[in-house]
Amino acid sequence: MCGIVGYIGTRNTTPIVIEGLKRLEYRGYDSAGLAIIDNNNQLSIYKQKGKIIELERALPEPEKCFSNIGIGHTRWATHGEPTVVNAHPHTSYCKKIALVHNGIIENYKPLKEKLISSGHIFVSETDSEVLAQLIGYFYEKTEDLVRAVKQALKLVQGTYGIAVICQDNPRQIVAARKGSPLILGIGDDEFFITSDVSAIIIHTKRVIYLHDDEVVDINPAGFIITNLENEVVEAKISKIDWDISAIEKGSYKHFMLKEIFEQPESIENAFRGRLNHKLSTIRLGGLNLSSQELRNINRIVIIACGTSWHSGLVGKYVIESLARIPVEVEYASEFRYRNPIVPTGTIVFVISQSGETADTLAALREAQARGAKVLGITNVVGSTIARETDGGVYIHAGSEIGVASTKAFTSQVTVLIQLGILLGRMNHLSPVYGKKFLQELKQIPAKVNEILKSNDYIKSIAETMVNSTNAIYLGRGINFPVALEGALKLKEISYIHAEGYPAAEMKHGPIALIDENMPVIAIALKDEIHEKIISNLQEVKARKGRIIVIASKGDEVIKDFSSEVIYIPETIDVLQPLLSVIPLQLLAYHIADLRGLDVDQPRNLAKSVTVE
Ligand code: AGP
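Read on for an overview of the structure. All values derive from a computational prediction rather than experimental measurement.

### A word on the packing of helix α7 (residues 263-271) against helix α13 (residues 407-426)
- Between α7 and α13, the shortest axis-to-axis distance is 9 Å and the interhelical angle comes to 30°. Taken together, α7 and α13 sit at an angle that is classed as roughly parallel. Relative to α13, the crossing made by α7 is right-handed. Facing Gln 263, Ser 266, Ile 267, Ala 270 and Phe 271 of α7, the residues of α13 in contact are Lys 407, Thr 410, Ser 411, Thr 414, Val 415 and Gln 418.

As C-alpha cells, then:
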C-alpha cells in the first residue's frame with residue numbers, strides 16, 4: 001500500500017527520501033513522487049508512474065534538487081488510475097502547499113463539490129487532492145499551516161496518514177494520522193516522518209508512533225504533538241530493536257526466498273522463552289489473563305485475512321483438539337459487516353502480520369464494541385492492532401518484506417499451537433501430553449532445516465509446472481488450511497490459478513477439472529486419515545491427473561500413487577502444518593521465479609492492506 005517518507009534537517013533531502021521510498025517498495029505501489037522546497041523557497045514536485053527508479057531518472061541534476069526539506073510518496077491506486085497526474089504529492093490551488101496521503105477520504109465528493117463551487121480547479125481523480133486543496137483553502141485565510149491542517153481534518157471522514165509542506169515556510173513539516181500508521185523519526189538536528197520504520201532505520205532508531213487524531217508540527221530544532229483540539233500530547237520515544245540487515249536480501253535472490261530459509265530461526269523465536277518445562281505448559285504473559293480467566297473461556301473467535309486467516313484455521317484444529325474449546329474462524333471483512341454473536345465467555349483473537357490491515361482493525365473495534373475481550377497475534381511491534389487489543393502475543397518473526405507471507409505464517413501457527421497447549425493444560429491435557437508437545441515443538445526448527453535441503457529437488461518439480469495454467473491443492477484435517485495456503489502462495493506470485501480443497505470434497509465437483517494437464521499437489525502425511533487421502537489420490541490417478549505429494553519420510557507406498565514425492569520428517573499431528581507448508585512455499589517461489597516474475601512485489605498486491 002501507499003508509503004510516506006519525509007525529511008527535515010541539515011542534509012540534502014532528495015537522496016534520503018528516494019532511498020527511504022525504495023525501502024518501502026515491498027509494500028506494493030504503482031507510482032511515486034517527491035516534493036521539495038529549494039534554497040530559493042521554491043516548491044518543486046516530481047512524479048512518475050511505475051518504479052522509483054523512473055522517478056529518480058526524472059529528477060534534474062543533484063544541485064537543482066538540493067533541499068533540506070521534502071516529502072515523498074509511493075502510491076497504490078484506489079481513486080483513479082496509476083498515472084503521473086494521480087500520483088502524490090498533490091498541491092493546493094495556490095500551488096504553495098504539497099501533501100502526501102495514505103488512506104481514503106470517504107467524503108471527498110461533497111468536499112470536492114464545495115471547493116469547485118468556490119473556484120478551485122482539480123487536476124487529478126484522487127481523494128487526496130481534495131485534502132490538499134482543502135488545507136490550501138484554510139491556509140489562504142490564516143497563513144497558519146498547522147491550523148489549516150486541523151481545520152481540514154475536522155471536516156474529513158475516512159483514514160489518513162499525511163505529511164504537508166508549504167513553500168512559505170521551508171522549515172516546517174506538518175504530519176497527522178487517523179487509522180493509517182505514521183511514525184516520527186528523531187535524529188540529531190533532523191527529523192523523519194514515515195509510514196514504516198524500514199524507510200528510516202538507517203538514519204535513526206528513535207521513533208514516536210503517532211496516535212489517531214494527533215498532529216505533529218516539525219521544524220529542524222524540534223517538534224510538538226497536539227491533538228485536533230490543540231491540547232499538547234506527551235510523546236513516548238520508542239527504540240527500534242532490529243537493524244538494517246533484517247531488511248536486506250543478503251545473498252538471496254529474493255526476500256521471499258530469504259524469509260522461507262529464515263523459518264528455522266523465526267519459528268524458534270516464536271517459542272523462545274515461552275516453554276515452561278517444569279509444568280509442561282506454555283507462558284504467554286502478554287495475554288493479560290489470569291488462570292481463572294483462561295479457564296473460563298468457553299468459545300474462541302479468530303478473525304483475520306488472507307494467510308493470517310489460514311493460520312487461524314490451523315489454530316481452530318489445534319485448539320479444538322488440545323483444549324476442547326469451540327473455535328470459529330472469521331474473515332475480518334465479513335465479521336465487520338454482519339451482526340456477529342459475541343456471548344459472554346467468548347475471547348476474540350485477531351491475527352495480523354502487519355498489525356495494520358484495515359478490515360482486521362475494523363473487526364477488532366466491532367468485537368470490542370460488543371463487549372468482547374480482543375487479543376492480538378501480530379508481528380509488528382507498536383502497530384495499530386497491537387496497540388488497540390486488550391493483550392496478545394507477538395510472533396517475533398522479524399521483518400517480512402516479501403509480499404507473499406511465509407515466515408509470518410509459520411510463526412503465527414507456532415503461537416497458536418502454544419495457545420492450544422496452554423488452554424489444553426488449563427483443561428483436559430495431561431502433563432505427559434503437554435511434555436510431549438513441548439519436546440516435539442523444540443524439534444521443529446531442525447526438521448524445517450532438513451526440508452529446506454530439498455530446495456533443489458523442489459525447484460526441479462517447479463520446472464515441470466512453469467507452463468501450467470491451473471493447479472489443485474488437497475489436504476485433510478489440519479493440512480486442509482495448508483492446502484489453502486499453498487494455493488494462495490501460487491496464485492499470488494505466479495499468477496497461476498490454484499484452488500485448495502479438503503481432499504474428500506474433490507469428488508463433489510472439482511474432480512471434473514482433473515486431466516493429464518492438471519497438477520494436483522496433495523499433502524498426504526502418515527496420520528489417522530492417511531488411508532482416506534490415499535483413496536482420494538487414487539481417484540485423481542484414475543483420471544490421469546499428475547500428482548505431487550508431500551509425504552512422511554519412509555512412506556514408500558505413496559510412490560505408487562504419485563509422479564513426484566517430497567518427503568518431510570514426521571511429527572505429531574497438530575505440528576504438521578509447520579513442516580508441510582515449507583515445500584509449498586518453495587514450490588510457489590520457484591515457479592514464479594522461473595516464470596520471470598517479480599516475486600517480492602507481485603502485481604496488484606500490497607504488503608499491508610490498509611484500505612477496505
Ligand atoms: C499473504 O501472502 C498475503 N499477502 C495476504 O493474504 C495477507 O496475509 C493478508 O493481507 C493479511 O495481512 P496481515 O496478516 O498483515 O493482516
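Text resumes after the structure shown.
### Some details on the pairing of strand β8 (residues 169-178)
- Summarising the sheet, strand β7 (residues 160-166) and β8 pair through 6 bridges and their orientation is antiparallel. Among the inter-strand pairings, Cys 166 is bridged to a residue of β8, identified as Asn 169.
- Once β7 ends, the chain turns through 2 residues before running back antiparallel as β8.
- Both β8 and strand β12 (residues 214-219) contribute to a ladder of 5 bridges, which runs antiparallel. Within the sheet, the bridge partner assigned to Ala 176 lies in β12 and is Val 215.

### Side note on the site of the ligand
- The immediate surroundings of the ligand are formed by 13 residues, with Ser 308, Ser 352, Ser 354, Thr 357 and Glu 492 found nearest.
- Ser 352 is positioned such that a nitrogen or oxygen atom in its side chain is 2.7 Å from an oxygen atom of the ligand.
- Within the side chain of Glu 492, an N or O atom sits 2.7 Å from an oxygen atom of the ligand.
- Isolated, the ligand exposes 410 Å² of accessible area, and the fraction of that covered by the protein chains is 91%.
- Secondary-structure elements contributing two or more residues to the shell around the ligand are α9 (306-323) and α16 (480-494).
- It is α9 that contributes the most residues to the shell around the ligand, 3 residues altogether.

### Overview of the nonpolar core
- Counting residues in each nonpolar core, the largest one holds 92 residues, and the members touching the most others are Leu 287, Ile 300, Phe 349, Leu 423, Tyr 473 and Leu 587.
- When residues no more than four places from it in sequence are discounted, the contact partners of Leu 287 are Leu 294, Phe 349, Leu 375, Gly 391, Gly 392, Val 393, Leu 419 and Leu 422.

### Remarks on the state of the cysteines
- Enumeration according to the criterion identifies 0 disulfides in this entry.
- Free cysteine: Cys 166, not disulfide-bonded; nearest cysteine sulfur from Cys 94 at 6.7 Å.
- Classification of Cys 166 by relative accessible area gives buried; the value is 2%.

### Some thoughts on the pattern of salt bridges
- Applying the stated rule across the entire model yields 25 salt bridges.
- Between Lys 22 and Glu 56 there is a salt bridge; the shortest N-O distance is 2.9 Å. Of this pair, Lys 22 sits in helix α1 (residues 13-23) while Glu 56 sits in helix α2 (residues 52-58), and the two are 34 residues apart along the sequence.
- Residue class for Lys 22 comes out partly exposed when judged on its relative accessible area of 29%.
- Take Glu 56: its relative accessible area is 30%, and that puts it in the partly exposed class.
- In this structure, a network of salt bridges that share partners links the residues Arg 177, Asp 212, Arg 365 and Glu 388.

### Description of helix α17 (residues 530-541)
- Taking 1.5 Å of rise per residue, the 12 residues of α17 would be expected to cover 16 Å, and the 16 Å separating its terminal C-alpha atoms lies within 8% of that figure.
- Along α17, the positions that sit buried rather than exposed are His 530, Ile 533, Ile 534, Asn 536, Leu 537 and Val 540. Angularly, the buried residues of α17 cover 160° about the axis, an arc narrow enough to put them on a single face.
- Taken together, the buried residues of α17 touch β22 (470-475), β24 (519-524) and β25 (546-552).

### Focus: the pairing of strand β19 (residues 346-352)
- In terms of burial, β19 is a largely internal element, 7 of the 7 residues being buried.
- Here β19 shows a buried face lined by Thr 346, Val 348, Val 350 and Ser 352 and a second buried face lined by Ile 347, Phe 349 and Ile 351.
- The pairing of strand β17 (residues 299-304) with β19 spans 5 bridges and is parallel. Bridging across to β19, Ile 302 finds its partner in Phe 349.
- Relative to strand β20 (residues 373-378), β19 is paired through 6 bridges, and the arrangement is parallel. Bridge assignment links Val 348 to a residue of β20, and that residue is Val 374.

### A closer look at unusual backbone geometry
- Cis geometry marks the peptide bond from His 88 to Pro 89; its omega dihedral reads 0°.
- With respect to the helices and strands, the residue Pro 89 is situated in the loop between β4 (69-75) and β5 (90-91).
- Of note, Asn 41 is a non-glycine position whose phi angle comes to about 60°, a positive value.
- Here Asn 41 is to be found in the loop between β2 (31-37) and β3 (43-49).
- Take Asn 41: its relative accessible area is 36%, and that puts it in the partly exposed class.
- One non-glycine residue, Asn 230, lies in positive phi territory at about 70°.
- What makes Asn 230 exposed here is its relative accessible area of 54%.

Reading the values: rules and limits
- Residues numbered from 1 in each chain as written.
- Predicted model: local features only at pLDDT ≥ 70, side-chain atom pairs only at ≥ 80, totals over all residues.
- Heavy atoms only, no water.
- Axes fitted to C-alpha atoms, helices over the stretch in contact; angles between N-to-C directions.
- Helix = DSSP H or I, 4+ residues; strand = E, 2+ residues; numbered from the N terminus.
- Parallel < 35°, antiparallel > 145°, perpendicular 65-115°, else oblique.
- Left-handed = near helix turned anticlockwise from the far one by under 90°.
- Contact = heavy atoms within 4.5 Å.
- Pairing = 2+ DSSP bridges.
- Near = heavy atom within 4 Å.
- Polar contact = N/O pair within 3.5 Å; in protein donor to acceptor, adjacent residues only side chain to side chain.
- Areas by Shrake-Rupley, 256 points an atom, 1.4 Å probe, with all protein chains shown as cover.
- Core = buried A, V, L, I, M, F, W, Y, C linked by side-chain atoms within 4.5 Å.
- Buried < 20%, exposed > 50% of the residue type's maximum accessible area, 1.4 Å probe, protein only.
- Disulfide = S-S within 2.5 Å.
- Salt bridge = Lys/Arg side-chain N within 4 Å of Asp/Glu carboxyl O.
- Expected span 1.5 Å × (residues − 1).
- Arc of directions from axis to C-beta.

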